[in-house]
Each structure stands twice: as C-alpha cells, then as structure tokens.
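Single-letter residue listing:
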Amino acid sequence: MLSWLTRPVAIKEKLAGRNFIPAHADFYSGKNGRPIELMLQARTDFLSIWRKRDYTERVHEIRVLGRQIVIVNSPEHVRYVVAKRHENFERKSPQMRRALEYLLGDGLFISDGETWKQRRSLVNDIVHKNRVPAFGPVMERTTQELVERWSSLGDGAEVNVLAEMAGLTAEIISRSVFGNTLGRDSADAVTDSFTSYQSLIDSINIGYFLGFNEGLPVWRTPSLRRSVKRIHGIIDGVVEDHLAGRGDHDSMIQLLLRRQQKNPELKLDLVALRNEAATIFMAGHETTAATLTWAWYLLSKAHWVEKAVHAEIAKVCGKRTPTIDDVPQLEWCRAVIEETLRLYPPVPILARQAKEADVVGDIKVEPAALVLIVPWLLHRTGSLFEKPHHFRPERFLKGRPAPYSYIPFAAGPRVCPGLQFGLTEAILCLAILAQKFKVRVPEDHAVEPQCRLTLRPKGGLPVTLHPRGRKEA
Ligand code: HEM
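Starting from 1, residues in each chain are numbered consecutively following that chain's sequence as written. Two thresholds apply to this predicted model, a pLDDT of at least 70 for residue-level local features and 80 or more for giving and counting side-chain atom pairs, whereas whole-chain, interface and lining totals are computed over all residues.

Regarding the site of the ligand
Surrounding the ligand, one finds 26 residues, the nearest of these being Ala283, Gly284, Cys416, Gly418 and Gly422. Tallying contributions element by element places helix H12 (residues 270–301) first for the shell around the ligand, with seven residues. Grouping the constituent residues of the shell around the ligand by class yields 17 nonpolar, seven polar and two charged. Working rule for contacts: place C-beta from the backbone, and if it is within 6 Å of a molecule or strand, that residue counts as near it. Going along the chain from the N terminus, every DSSP run of H or I of four or more residues is numbered as a helix, and every run of E of two or more is numbered as a strand. Put simply, Ala, Val, Leu, Ile, Met, Phe, Trp, Tyr, Cys and Pro go in the nonpolar bin, Asp, Glu, Lys and Arg in the charged bin, and everything else, Gly too, in the polar bin.

Thoughts on the sheet that holds strand S9 (residues 370–373)
The rule for pairing is simple: two strands pair if DSSP sees at least two bridges between them. Strand order in the open sheet made by the four strands is S3-S4-S9-S6, with mixed pairing throughout. Edge positions in the open sheet fall to strand S3 (58–64) and strand S6 (350–353), since each of these has one partner strand only. Averaged over all pairs of adjacent strands, the angle between strand axes in this sheet comes to 20°, irrespective of strand direction. As paired elements, S3 and strand S4 (residues 67–73) share seven bridges and run antiparallel to each other. Residue Val59 lies in a different strand from S4, and its bridge partner there is Val72. For helices, the fitted line uses only the C-alpha atoms of the stretch in contact; every axis is such a line through C-alpha atoms, and the angle between N-to-C directions lies from 0 to 180 degrees.

A short note on unusual backbone geometry
Even without glycine at this site, Lys387 takes up a positive phi of about 40°. When you line up the elements, Lys387 lands in the loop between helix H15 (375–378) and helix H16 (394–398). Phi is positive for Tyr404, close to 65°, though the residue is something other than glycine. By the element assignment, Tyr404 lies in the loop between H16 and helix H17 (419–436).

A word on the pairing of strand S2 (residues 19–25)
Inspection of the sheet shows strand S1 (residues 11–16) paired to S2 by five bridges, in the antiparallel sense. Bridged to Lys12 within S2 is His24. With antiparallel pairing between neighbouring strands as the criterion, S1 and S2 make up a hairpin whose turn holds two residues, including Gly17 at a positive phi of roughly 60°.

Read these as geometric descriptors, not functional statements.
Written as structure tokens, this is what we have:
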C-alpha cells in the first residue's frame, strides 16, 4: 500500500584491510524545513533520516505538522528520561501501542501504569537471569538440530540466514515458553504470522501527527485479522492444554499459571495469559534472530575476527560442542555479539510519549510529545565510541562503555527483562554454529539495514554455508 511514496536509501560500506565499516545508511541531506519529505523518508526507513550533526551528543527538537518530537542523544539525558523521570516517560509511543495492541492487548511490552508494574514483576521472575541456565539444554539441543540440518545440505549450500536464525530462535523461545507441546507446524505458523503482521503494519501513525494524542487504531484488514486469529488460536490452545494439566512442567507458561494460582489477585484470565505469552514469544525471538544474522554478516567480512572466534572456541571447548557453562569463557564470542548489538541494535529506536510537561536538556517538552532515544545514533556517536562506524569487537574486550551510552537492551526500569536470556542465547548459538561452519555473504550482495519494528537486513541475508574442515574445527 502506498509503495510509490517510499524513497531510496543510500547505503555505505567499506572494507580495507582490517578497517571494516559495515553497511549503514548515508547521512540525510534533504533540505531543512521540509517535514513532509522527512516523514516520507522515515516511512521508508527510520534510519535514513539522520543528518551528520545528529550523530553528536545533544538534545534537540523538530516539529512535524505541529507535533513536537524531542531527540535525546546524550548519556546524561538518556538517564534522565529512562531512569530519573521514568514515570513521566514510561509510556510507549502511540505508534508502538497502536501497532501492537491488536496482537498483544495489554501485554507487558506496550502497557504502562499499574498494569505494567504488576506484570513486570511477574515476567521478571519468569525470565530472570537465575532461570537462564535451566533453559541451556533447550538452547543447546535446538542449535544442535540446526547443525545437523546444515550438515546435510553440503558445502556451499545457499540459505537465507535471517530465516534460519528466526527459525532457530523461534524454536528455542517456543520450547522455553510453551514447552515441547507446541509442535513444529504450530511454531512455524506462529512465526510466519508474526512476520506477516510486521509487514502489514505501517511504520508511522499518521493520526498522531494529525493531532490525535492517542494515535489512530490500525486498519484491521482481512490479512491482518487472519494473522492475529491464527496466532491467538494457537497460543490459546497451548494455555488451555496447560490449564488441563497436559503441559510441560518447566515451561514459562507453566510458571505463569502457577503464579496466577498462588496470587489470584493478579487476575490473569485466559486473555491476559495469552497476551503475556505472546509478548515474551515475540520480544524473545525476533531480536535475537536479528542479532545473530548481523553477526554472521560481520564475521563473513572480518576474517581476522572470525579466526579469533574459532581459536577461542577450540581453546575453551576442544572438539566437544559448546554448552551454556562455556559462555563465561567465550570472551571473543561475547565481544562479537556486543559489538553487533552496538552497530545494529535490533530495537534501534526507543519511542516514548511524555505524560506531562518536562524539561530535557534545554528543551521544554510538551505533554504528549514524542520523545525518541535512538540507540542507532547513540552507539555511533564519535565522542562516545572511537571510530564509531567501524566493526571492532576488541573494544568490548578492553573495557565497558560509559553508563547510558550503550543501550541495546534499553535501560532503567523498562530495561529488557530477557537481557541475560537473549545475550546468553546469542553467544551460545554463535559458538555452536561457528565451531562447525563458515558463513559467507556473496561478494555481489548489497546489504541494506532496514528498520521496521526491528532492525533487519532488507530482504533477509542470503549466504552460503561451508562446513569447517576436521583439522580446522
Ligand atoms: C538480543 C536480544 C534482545 C534484545 C536486543 C532486546 C531488546 C529489548 C529492548 C531494547 C527493549 C525495550 C523496548 C522499549 O523500551 O521500547 C526490550 C523489552 C522487552 N524484552 Fe527484550 N531484547 C532481547 C531479547 C529478549 C528475550 C530473549 C526476551 C524474553 C525471553 C525479551 C523480552 C522482553 C520483554 C517482555 C520486554 C518488555 C519489557 C517492558 O516493557 O517492561 N527480550 N527488549
């Protein structure tokens, strides 16, 4: 729909020796004072609207059709918004709320106020870092199954690694959330429906810019209804199975049910349970799949980093398959994932709506204004990261970034509750697969980052798979 309105995006990429500047949108050079043009560009891709000066530490505002948009790009002010004045800025943007409400209802990702507080502690407990080791065997087994499938394809097999990683992480999160009760066909149906849901949702809520503070509901087209009906149907079936005592004991949904039985005041009915399960499922696989896909792209070009990763896996694990217990020793693998999350944060824009008037830096924020923290910009700000557009995982071996300058999992009370789960999963999957395969992006393939709900390579990432020789592995 309205595809004629989309604009081309100029992409830059440079590889010279060990200097690798991976693909990113060039600085925006449209004329100032043309908000409609900017909005059309943003509709195509939110990452292609930033000018060179936006990649500096500052807070500034723009107006689009009279609506105030405040862009916060300095650690001090990021802290102010997400932590110090969290209560005034905890509310997600109308775009985000409207885009996801049909699918997730009052699920944690888009709720605020009392509902958010109550559900947050619930979800925190369920995906808490102390529980992550319990999900290790699921991560290991599922990734091993992929190793076996890839091995059967032969040297040079062509796959779309974004689809492969989405399949892998969806399987891991669905086994973790639902137990083994979901089954392959239903897992695929849920993943496909999520993908089509994303593609059917527009990236801008025009109603908000036309003066509706709450934005306008998305148009529930027959295809959108079909996607949602399919997802809800499958998840409801799983919840009902668990309620009837047929579920897997250690799954996340079983924990939700137990919490409800212990604390009936939570009032988690079937719909609320489904909303939280769908939220964890959605938030828990898409982001990790994008991270792993970007990591394969980066390793495919930066052979010197790939070598360091292989050497580390050999040193830590020898010939046996990496396990969750190896993760703390896999420092290069962790650094690669952390640098990937810096360059390609799967959630590149954190969008909030101010509840009341406030002051951020020198900017007077109006009630209902859109406040944007853009990890994509922050992570590429020269005063915070040396050579900010370069791929240099070593920076994470040497030390930690300054507080609130590196926020791929957000920060403050709304920080991602799945941080440890996602980080551990990404490191472990990378180590298990890199031990056995080299992944190569064809030389003539132009990689283009595209930001919709998450940041993915446009059209996925075609690659060839190469089993590593016995001697090498
Ligand atoms: C590399 C992997 C991941 C990344 C980069 C990531 C990133 C994020 C970010 C940036 C947010 C905040 C969004 C915002 O404030 O607008 C978020 C929220 C959330 N994430 Fe993650 N995430 C990852 C993995 C996971 C996993 C594995 C789970 C569950 C097992 C999960 C569950 C959630 C939930 C439930 C929220 C909503 C929290 C709230 O609003 O209070 N995430 N994630």
